[in-house]
Amino acid sequence: MNTVLLPAKETWPELCRRPSIGKAYLENAVRDILYRVKTEKDEALRFYSRKFDGSCPDELRVTEKEINVSASMVPQDLKDSIEKAKGNIEKFHASQAPAEKPVETTPGVSCWRKNVAIDKVGLYIPGGSAPLFSTLLMLGIPAKIAGCREIIVCTPAGKDGSINATILYTAKVLGITRIFKVGGAQAIAAMAYGTESVPSVYKIFGPGNQYVTKAKQIVQDEGIAIDMPAGPSEVLVIADETADSSFIASDLISQAEHGPDSQVIFTTTDQGLLEKVREEIKKQTETLSRKEIIRKSLENSKLVLLSSIDHCIEFSNLYAPEHLIINTSDPKADAEKVTNAGSVFLGRYSCESMGDYASGTNHTLPTNGYARNYSGVSAESFIKKITFQEVSANGLKELGPSVEIMAGAESLEGHRNAVALRLNTLKNV
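The sections below set out a description of the structure shown in this document. (Residues numbered from 1 in each chain as written. Predicted model: local features only at pLDDT ≥ 70, side-chain atom pairs only at ≥ 80, totals over all residues. Heavy atoms only, no water.)

## Observations concerning the overall build of the protein chain
Rule in force here: Working definition: helices are DSSP H or I runs of at least four residues, strands are E runs of at least two. Numbering for both runs from the N terminus. Exposure is judged per residue with a 1.4 Å probe applied to protein chains only, and the accessible area is read against the type maximum: over 50% gives exposed, under 20% gives buried, and values in between give partly exposed. Residue contacts are counted whenever heavy atoms from the two residues lie within 4.5 Å of one another. Surface accessibility in these figures is a Shrake-Rupley result with a 1.4 Å probe; residues are shielded only by whichever protein chains are displayed. In this count, Lys and Arg are taken as positive residues and Asp and Glu as negative ones, while His and the chain termini are left out. Working definition for charges: the position is that of NZ of Lys, CZ of Arg, CG of Asp or CD of Glu.
Across its full length, the protein chain holds 17 helices and 14 strands. For the protein chain, the C-alpha atoms occupy an extent of roughly 90 × 60 × 45 Å along the three principal directions. Counting only residues that meet the buried cut, the protein chain has 51% of its 429 residues in that class. Sequence-distant contacts in the protein chain: of pairs separated by 6 or more residues, those separated by 24 or more amount to 75%. Surface summary for the protein chain: the accessible area is close to 20,200 Å², and the carbon and sulfur share equals 51%. For the protein chain, the centre of its 49 positive side-chain charges and the centre of its 53 negative side-chain charges are spaced 4 Å apart.

What follows is the structure in structure tokens.
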């Protein structure tokens, strides 16, 4: 990891840059994939499955038999853990979309909003070397709570043409049956445009690599809603001299192992702790199976010494991390100053892994600085709010003259007339 000691503030924006593929290359590559899927449909999906995943399934849709067989391939202790996580995630997300009461803005004028589930949603579940069945919990549960009528899942198949058994088992537990063996940017294209096998949806959810994230951004420009730009993964840890260096190192490594384009940042006021963390990272990495991925990620990562915890928080707010861990002597007080972060973990025992799997919060979060203006996924992400209003005769008398004056001031006589006609009918009422 790169070490930066007491950097001047004017250098902070450069330190906050994420690793990225060349923008022009990335955009051109993704646009080519999107265009080919849009025009060639299933044929293009099979082409990219062969090219990127090393497989070409005969049927893109997972069969009912494949889903049912998955249950026998998942150990009971993992099934029990999934159930426990499911309960916590349901409990947290069920509280997020309360019905709103009508408001009388003027006597006789009532306004209200109604929660309506988005009809058709698509969930992208990363596969590859780390099939994220936990992401299916994080997306499928709030979609079910919201009441989405149609939920489809896209996830890449392995070289044998099958989907990870735990992903299929999790889908079965959630009652999701429309699952397709498609990954990468091509999966985003399939859900955006539709193919012979994969239906189009109104909103796409889920994290992914830079290709997936770019594909989501492009289809959003074409009118398909997305949850947020989400991926690659990142964490920023703030700690003082009271923190345990082994805990900090493990938190950094847990995000670095997601992929070589992940980034982790450690900020502290204690240079001795910084050096201990560096040594702990080396020691712990050697024991892990994904150490080559971790090492590549750490090449993009930084250890930053700053002069105060307030400066650490200011730096973090500029960076706007997907995950923020505050491991200080008074984390709750320090957290009050946080303005930009996807999800925040407080204290020595609140490791980010808890939120990734089972504490109840959602792990689908904005990355690459988008925590400045996006929230993570919630039940509300799967809901649109429709506004309603009802104006009585008395309400029209009370408020209509003001509307007439305002419409006239904007030279919109048709607007003014719609009110005037109605008021005229009420003159003798």
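And the narrative resumes.
## Some points on the nonpolar core
To keep things clear, this is the line we draw: Definition of nonpolar core: a set of buried residues of the types Ala, Val, Leu, Ile, Met, Phe, Trp, Tyr and Cys, connected through side-chain atoms within 4.5 Å.
Counting residues in hydrophobic clusters, the biggest one holds 38 residues, and the most contacted among them are Val121, Leu123, Leu136, Cys148, Ile176 and Phe382. Every element with two or more residues in this core is listed here: helix H5 (76-93), strand S4 (120-124), helix H6 (133-146), strand S5 (150-155) and helix H7 (165-174). The element that contributes the greatest number of residues to this core is H6, accounting for eight residues. Membership of the second largest hydrophobic core comes to 31 residues, among which are Ala44, Ala190, Ile204 and Ile218.

## Details of the sheet that holds strand S14 (residues 383-391)
Two pairing modes exist for strands in a sheet, parallel and antiparallel, and in both the strands are linked by backbone hydrogen bonds. Using the following cut-off: Should DSSP find at least two bridges between two strands, the strands are taken to pair. Whenever a helix is involved, its axis is fitted only over the stretch in contact; in every case the axis is a line through C-alpha atoms, and angles between N-to-C directions fall within 0 to 180 degrees.
What the three strands build is an open sheet, ordered S2-S3-S14; its pairing is antiparallel. Two strands lie at the open edges of the sheet, namely strand S2 (103-106) and S14, each paired on one side alone. Strand-to-strand, the axes of this sheet are offset by a mean angle of 30°, without reference to chain direction.

## Focus: the packing of aromatic side chains
Filter applied, for reference: Pairing of aromatic side chains requires ring centres within 6.5 Å, counting the rings of Phe and Tyr and the six-membered ring of Trp. Pairs whose planes differ by under 30 degrees are stacked, by over 60 edge-to-face, and all others tilted.
In total, this model carries seven aromatic pairs according to the counting rule given. Centre to centre, the rings of Tyr48 and Phe52 are 5.7 Å apart; their planes meet at 5°, and the pair counts as stacked. With Tyr48 and Phe52 both in helix H3 (residues 42-53) and four residues apart, this pair spans about one turn of that helix. Judged by relative accessible area, which is 6%, Tyr48 ranks as buried.

## A word on the environment of Val30
Mapped onto the elements of the fold, Val30 is located in helix H2 (residues 23-40). Among the residues examined, Val30 registers a relative accessible area of 0% and is labelled buried. Residues Val30 and Asp334 lie 304 residues apart in sequence; the distance between their C-alpha atoms is 41 Å. Each residue touching Val30, except ones within four places of it in the same chain, is listed here: Ala185, Tyr211, Lys214, Ala215 and Ile218.

## Let's talk about H3
Our working definition: Here the expected length of a helix is defined as 1.5 Å per residue gap, with one fewer gap than residues. The arc in question is the one traced by the directions running from the helix axis out to the C-beta atoms.
The first and last C-alpha atoms of H3 sit 15 Å apart over 12 residues, in line with the 16 Å expected at 1.5 Å per residue. Along H3, the residues that are buried comprise Asp42, Ala44, Leu45, Tyr48, Ser49 and Asp53. An end-on view of H3 places all buried positions within 150° of arc, on one side of the element. Residues of H3 that are exposed and angled more than 90 degrees away from the buried face: Glu43 and Lys51. Elements in contact with the buried residues of H3: H2, strand S6 (178-181) and helix H8 (184-193). Of the residues flanking the end of H3, it is Gly54, one or two places downstream, whose phi is positive at about 75°.

These values are about where atoms sit, not about what they do.
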